[in-house]
Amino acid sequence: MPKSQVRKKKVYTPPTDIRPSTTAQSKKPSPVWVPASAVALIVIGISWLVVYYLSEQQYPVEAWRYWNLAIGFGCMVASLGILSRWR
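My aim in this report is to walk through the structure given alongside it, one point at a time. Fair warning: this is a prediction, and the values are worked out from it, not measured in the lab. (Residues numbered from 1 in each chain as written. Predicted model: local features only at pLDDT ≥ 70, side-chain atom pairs only at ≥ 80, totals over all residues. Heavy atoms only, no water.)

## Observations concerning the overall build of the protein chain
So, point 1. In terms of helices and strands, the protein chain carries 2 helices and 0 strands.
So, point 2. Each principal axis of the C-alpha atoms in the protein chain carries an extent, and together these give about 85 × 45 × 15 Å.
So, point 3. By residue count, 13% of the 87 residues in the protein chain fall in the buried class. (Helix = DSSP H or I, 4+ residues; strand = E, 2+ residues; numbered from the N terminus. Buried < 20%, exposed > 50% of the residue type's maximum accessible area, 1.4 Å probe, protein only.)

This is the structure in structure tokens:
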């Protein structure tokens, strides 16, 4: 059986007339407060929920009842939002 010819592919060169929208200079590292505040929100959220359950729903605020769960989980979700901006 005869051998097929080998095609030579050209090396890809990106077009020079199109400039990328994001450059390396525009992606600066995040400030120090971003991971620090995210970790603080995680700790606050977890500690809020732990205090709520260990105190048998009397603390941190008894009048808020199940809104205490929303506050604890809201702090943790807010930290995820902050961490999504972290570079």
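So, next bit.
## Topic: unusual backbone geometry
So, point 1. Positive phi values are uncommon outside glycine, yet Glu-56 reaches one of about 55 degrees.
So, point 2. Within the fold, Glu-56 resides in the loop between helix 1 (33-54) and helix 2 (67-83).
So, point 3. Its relative accessible area of 62% is what places Glu-56 among the exposed residues.
So, point 4. Even without being a glycine, Arg-65 presents a positive backbone phi close to 50 degrees.
So, point 5. Relative accessible area serves as the criterion here: at 60%, Arg-65 is assigned to the exposed category.

## As for the packing of aromatic side chains
So, point 1. Inspection of every chain in the model, using the stated rule, returns 2 aromatic pairs.
So, point 2. Pairing Trp-48 with Trp-64 gives two aromatic rings, centres 6.4 Å apart and planes at 15 degrees, and the pair type is stacked. You can see Trp-48 sitting in helix 1 and its partner Trp-64 sitting in the loop between helix 1 and helix 2, a full 16 residues away along the chain.
So, point 3. The exposure class of Trp-48 is partly exposed, given its relative accessible area of 22%. (Phe/Tyr/Trp six-rings, centres within 6.5 Å; stacked < 30°, edge-to-face > 60°.)

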